[in-house]
Amino acid sequence: MEMKLWVSLIVVSAITTTALGDFGGALVKGFYKESCPLAEEIVKHNVEVAVLKDPRMAASLLRLQFHDCFVLGCDASVLLDTHGDILSEKQATPNVNSLRGFEVIDYIKYLLEEACPLTVSCSDIIAMAARDSVFLRGGPWWEVYLGRRDSLKASFAGANQYIPAPNTSLEGLIINFKQQGLAIQDLIALSGAHTIGKARCVSFKQRIVQPNMLQTFYVDEFKRHSTFRRILRSQCKDSSRDNELSPLDIQTPAYFDNHYYINLLKGRGLLISDNVLVSEDHEGEVFRKVWEYAVDQELFFVDFVESMLKMGNINVLTGIEGEIRENCRFVNL
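On a predicted model such as this, the values are computed, not experimentally measured, just so you know.

Participant: Can you explain the UniProt feature "binding site: Ca(2+) 2" (unreviewed entry) in the chain? Please cite residues and give values.
Facilitator: Residues annotated in UniProt with the feature "binding site: Ca(2+) 2" (unreviewed entry) correspond here to T195, D249, T252 and D257. Spatially, the listed residues are clustered: although they cover 63 residues, their C-alpha atoms lie within 9.7 Å of one another. The topology assignment puts D249 in the loop between β2 (245-247) and α12 (259-265). Residue D249 is classed as buried on the basis of its relative accessible area, which comes to 0%.

Printed below as a string of structure tokens:
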């Protein structure tokens with residue numbers, strides 16, 4: 001663990017001198033330095049406590065930012081409960097009984113409201129919590145650009161439309177990311193978030209029970225790993241086990257590292273949408289980048305941070321747009 005953190009700090013040094021400053025847009029560093037100087041420390045401490053209690057929470061908080069930013073933008077719309085005219089994104093197919101971490105965000109928001117009322121946005125809390133979660137699992141640290149404001153609406157339809165399904169094709173993923181202003185390299189780097197976390201059987205069962213799908217020779221490679229396949233099939237042998245969990249990275253599930261890409265090259269990616277990065281790349285561009293990340297963890301860390309900064313700037317609300325919610329689950333009265 002010490003070695004992983006040491007590598008992370010090396011990466012931080014490179015990132016802070018190169019990538020930071022390119023993706024901030026209307027957001028800035030140190031946004032709460034005067035208005036709420038302990039904001040980032042409060043977030044960091046409570047994310048750490050949450051992850052110590054439930055190690056899986058790190059992946060859940062990271063995933064929360066993906067699911068927020070891909071619908072309407074990084075505006076905390078994903079946190080809104082159904083109320084009045086608002087139909088919650090939490091009830092959309094990609095999120096229901098799947099997305100987690102809301103109570104952690106709620107508690108952090110409660111503490112921040114005690115310290116600095118109506119100052120720190122829920123959308124900034126999501127961004128800081130995602131960063132801290134990655135670092136706590138041995139991944140890179142980066143300075144988050146802040147100053148987002150919270151939306152006044154949610155988009156149930158958007159959550160169903162724009163969040164990629166676990167069986168999405170490579171072409172579908174590329175189109176989906178392009179809709180968000182993200183390039184193919186961002187897709188490959190951000191997919192590396194699957195180096196931590198778990199998925200339910202219902203998300204990858206199709207990959208087990210239909211091994212001869214059009215996935216080129218990587219499906220056959222998957223079949224030859226009989227032990228791996230037997231474990232997955234024993235976990236997901238019938239619909240009664242659809243909610244059973246399996247790690248997205250079977251090698252180092254507790255650490256944020258580059259083993260996700262090593263697994264892909266061995267045919268051991270858990271989701272169909274993971275494996276398509278190597279099985280459906282007929283031009284070889286995506287495969288080459290997967291290979292680069294598999295052999296160079298520091299390169300993956302640098303690119304991951306740059307892509308997180310880009311994603312964190314999607315359609316943000318700033319200035320007098322939106323609001324600073326008092327309770328992340330509801331718009332202010």
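Participant: How would you summarise the state of the cysteines if you had to cite specific residues and measurements?
Facilitator: In protein chemistry, a disulfide is the covalent bond that joins the sulfur atoms of two cysteines. Inspection of the entire model under this criterion finds four disulfides. Each disulfide pairs two cysteine sulfurs, and for C122 the partner residue is C328, the sulfurs being separated by 2.1 Å. The sign of the -100° torsion about the S-S bond sets the C122-C328 disulfide as left-handed. With C122 in helix α5 (residues 122-136) and C328 in the segment after α15 (297-311), this residue pair connects regions lying 206 residues apart in the sequence. C328 carries the same exposure label as C122, and that label is buried. Bridging C201 to C236, the disulfide has an S-S length of 2.0 Å. Around the S-S axis, the bridge from C201 to C236 shows a dihedral of about -70° and counts as left-handed. Of this pair, C201 sits in helix α9 (residues 201-209) while C236 sits in the loop between α11 (226-235) and β2, and the two are 35 residues apart along the sequence. By sequence order of its bonded cysteines, the chain has the disulfide arrangement 1-4, 2-3, 5-8, 6-7.

Participant: Would you mind going over the layout of surface pockets in detail, with residue names and values included?
Facilitator: Within this model, the largest pocket holds a volume of roughly 940 Å³. Those elements that place two or more of their residues in the lining of the largest pocket are α3 (57-69), α7 (170-179), α8 (184-191), β1 (198-200), α9 and α13 (272-279). It is α3 that provides the largest number of residues to the lining of the largest pocket, a total of six residues. Classifying every residue of the lining of the largest pocket by side-chain character gives 21 nonpolar, 10 polar and five charged. The two domains that each donate at least three residues to the lining of the largest pocket are domain 1 (28-162) and domain 2 (170-311). By volume, the second largest pocket is sized at about 160 Å³.

Conventions adopted
Residues numbered from 1 in each chain as written. Predicted model: local features only at pLDDT ≥ 70, side-chain atom pairs only at ≥ 80, totals over all residues. Heavy atoms only, no water. UniProt positions renumbered as here; feature names shortened; annotations may be inferred. Helix = DSSP H or I, 4+ residues; strand = E, 2+ residues; numbered from the N terminus. Buried < 20%, exposed > 50% of the residue type's maximum accessible area, 1.4 Å probe, protein only. Disulfide = S-S within 2.5 Å. 1 Å grid on protein atoms, 1.4 Å probe; cavity = no way out; pocket = protein on both sides within 12 Å on 5 of 7 lines; lining within 4 Å. Points joined across faces, edges and corners; volume = space filled by probe spheres on them. Nonpolar A, V, L, I, M, F, W, Y, C, P; charged D, E, K, R; others polar. Domains from an automatic or database assignment.

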